[in-house]
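Chain residues, written in single-letter form:
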Amino acid sequence: MAEFLDLESQDSVRMPWNVLPGTKADAANCVIPISAVYTPLKPLPAATPLLPYSPLRCRNCRSVISPFSIVDFSSINKIWICSFCLQRNHFPPHYQSISEQNLPAELFPQYTTIEYETTAPHEKAQAGSSNVFLFVVDTCVIEEELGFLKSALLQVLGMVPENCLIGLITFGTYVHVHELGFGQLPKVHVFKGTKEVTKDQLLEQMGFFTKRPRPTTGVIAGVRDGLSQESVARFLLPASDCEFVLNSILEELQKDPWPVPSDQRAARCTGTALSLAAHLLGVCVPGSGARIMAFLGGPSTEGPGAIVSKSLSEPIRSHKDLDKDSVPHYHKAVKFYEALSKQLVHQGHVLDVFACALDQMNIEDYFTLRTGYGLVLKAMVGVAELKVAIEKTGGLVVLAESFGHSVFKDSLRRVFQSGDNDLGLSSNGIFEINCSKDIKIQGIIGPCASLDKKGPLCSETVIGQGNTTAWKLCGLDKTTSFYQHGSGQMRLRATTLSRRWVAGPGIKEDLISGFDQEAAAVVMARQVSFKMETESQSAKAYKQI
């Protein structure tokens, strides 16, 4: 066991089988799949250096140079041989002084996992300014709950780094996009909650091109592609510049003013608000580390993504209804959020959901909630429908019974906390796998989205998200490779693993000697939970057909 822990400490990887079967037949006989549990942001040993340059890549397979690469020091132009495809690659001129006694850090035997800082020198001064937090606040809650939420948001605003950008959207019957860059007088853009708004409609209604002509060709995406910095700064401002305005807006924020008949639920347009938030980030800061932080106080009842009607005579669908497929709004809502997830993945942005609600519950339900509120809340605010967008973007989900509950307040603070106990949130990761020609990749189970990079390494058998060797990770943390560090710097972490192959007589004893029981338990749990969910969905789809 100590050996497995040492390997994890060095490479952030645990594998059920650390000695691999050498034939396809022997691999098929292994009940536990040949797999790896990789934590890409797990802290590396203190002695591991951060290399301030880009890595050398094989010109054939694009693998990164590693301690397993063969180096020919004898030739005039020094050469390294890729350990995966055996391609011979020349070192660039600035590597010509290397020797067997003067190796670069990436060739040290102990640095099989190492990080490169790839941010260009002239970009480092601006590197920390790219993190964006867009708050999307539900106002269809009682005054007491809104007061709890406002208090929590005001507290965490002081924890946001000064150079991070902040935006605010509030919603109820209508969606309100607040201009934080207009401090003299509160200015809000209002959208109807029952209607889905397109990106072009957002650009037109919010006046992004009132002072300059709109480009006739190309995609409108940020300052580099059509927008002025002034227009972006109307809605997204550094925390240090908008603190007073944002505090004023939150302190004066009131419950949704539209009357709610006694036999109806509040008109809550969650889907429209999240769609507008995605469009706004896609227009202003595409490709940067941005998070939509949605604070929900109940189920969506209006517009796209609604999970229940406004009439109280229609109960909110339960888990039993989901199992029986007796859910009139479910499939339409899931389809909407699937489209939203694709948009967010393309933009590189994350959706976090903080759901706190006690809706349609009597006192007996409340005590049930205290012992197992996760399942109840999942049915009450629409997390089951939102799940696809949260998972694909690597977002966070926090469920609590009230915005005044310590679960919510402590969890929100952890997002912005710095120091040893922070979550280590990073963003815009690309996870790539390359391997020896005898290994095929079946897929990944985890919070990511396929980049559809097909090739000869892809297996015909698919587990999780397969038929690709690259995945997008919009959001990462310490417990979840080119990624955006929490500081805004662009980094690449390269991990190269080597394991022994065995075949023939005595293979059983060799395999057992390298078997990691803890890793096997985790792998089987993830695979079983994934199969239960996907097979349940497949059965529902078959039933519909």
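Residues numbered from 1 in each chain as written. Predicted model: local features only at pLDDT ≥ 70, side-chain atom pairs only at ≥ 80, totals over all residues. Heavy atoms only, no water.

Attention now goes to the overall build of the chain. Along its length, the chain carries 14 helices and 22 strands. In the chain, which comprises 545 residues, the proportion classed as buried is 49%. Accessible surface, the chain as shown: approximately 26800 Å² in total, 55% of it carbon and sulfur. (Helix = DSSP H or I, 4+ residues; strand = E, 2+ residues; numbered from the N terminus. Buried < 20%, exposed > 50% of the residue type's maximum accessible area, 1.4 Å probe, protein only. Areas by Shrake-Rupley, 256 points an atom, 1.4 Å probe, with all protein chains shown as cover.)

Here the focus is helix α7 (residues 270–284). For α7, with 15 residues, the first-to-last C-alpha span of 21 Å sits near the 21 Å given by 1.5 Å per residue. Burial runs high along α7: 15 of the 15 residues are buried. (Expected span 1.5 Å × (residues − 1).)

This model, assessed by the stated rule, comprises 15 aromatic pairs. Look at Phe108 and Tyr111: their rings are 5.7 Å apart centre to centre, the planes differ by 0 degrees, and that puts the pair in the stacked class. Taking relative accessible area as the criterion, Phe108 reaches 29% and is therefore assigned partly exposed. Taking relative accessible area as the criterion, Tyr111 reaches 12% and is therefore assigned buried. Ring-pair connections join several aromatic residues into one group, and the members of that group are Phe133, Phe135, Phe295, Phe354, Phe403, Phe408 and Phe416. (Phe/Tyr/Trp six-rings, centres within 6.5 Å; stacked < 30°, edge-to-face > 60°.)

We now examine the nonpolar core. Counting 49 residues, the largest nonpolar core has Val136, Phe208, Leu274, Ile292 and Leu351 as the members making the most contacts within it. Among the elements that take part in this core, α7 stands out by supplying 9 residues, more than any other. (Core = buried A, V, L, I, M, F, W, Y, C linked by side-chain atoms within 4.5 Å.)

An order of β5-β6-β7 is seen for the 3 strands of this open sheet, with the pairing classed as antiparallel. The open sheet has two edge strands, β5 (70–72) and β7 (88–90), and neither has a second partner. Ignoring strand direction, the axes of neighbouring strands in this sheet form an average angle of 25 degrees. (Pairing = 2+ DSSP bridges. Axes fitted to C-alpha atoms, helices over the stretch in contact; angles between N-to-C directions.)

Working note: a packed helix pair is described by the angle between its axes plus the distance between those axes. Orientation of helix α9 (residues 330–347) relative to helix α11 (residues 383–393), taken along the N-to-C sense of each, is 15 degrees, at an axis distance of 8 Å. Classified by the angle between their axes, α9 and α11 sit roughly parallel to one another. Between α9 and α11 lies a crossing of right-handed hand. Contacts from Tyr330, Ala333, Val334, Tyr337, Glu338, Ser341, Leu344 and Val345 of α9 reach α11 at Ala384, Glu385, Leu386, Val388, Ala389, Lys392 and Thr393. (Parallel < 35°, antiparallel > 145°, perpendicular 65-115°, else oblique. Left-handed = near helix turned anticlockwise from the far one by under 90°. Contact = heavy atoms within 4.5 Å.)

A few words now on the confidence of the model for the chain. Segments scoring low in pLDDT should not have their predicted coordinates read at a detailed level. On average, residues of the chain score 84 in pLDDT, and 86% of them reach the 70 mark or higher. The low-confidence segment residues 121–129 (pLDDT under 50) makes 11 contacts with residues lying over four places distant or belonging to another chain. The low-confidence segment residues 360–379 (pLDDT under 50) makes 38 contacts with residues lying over four places distant or belonging to another chain. (pLDDT = per-residue confidence, 0-100.)

This part takes up the environment of Gln442. Within the secondary structure layout, Gln442 lies in the loop between β17 (426–432) and β18 (449–450). Overall, the relative accessible area of 31% leaves Gln442 in the partly exposed class. Counting along the chain gives 20 residues from Gln442 to Val462, while the straight-line C-alpha distance between them is 4.8 Å. Apart from residues lying up to four places away in sequence, Gln442 is in contact with Ser459, Thr461, Val462, Ile463 and Gly466.

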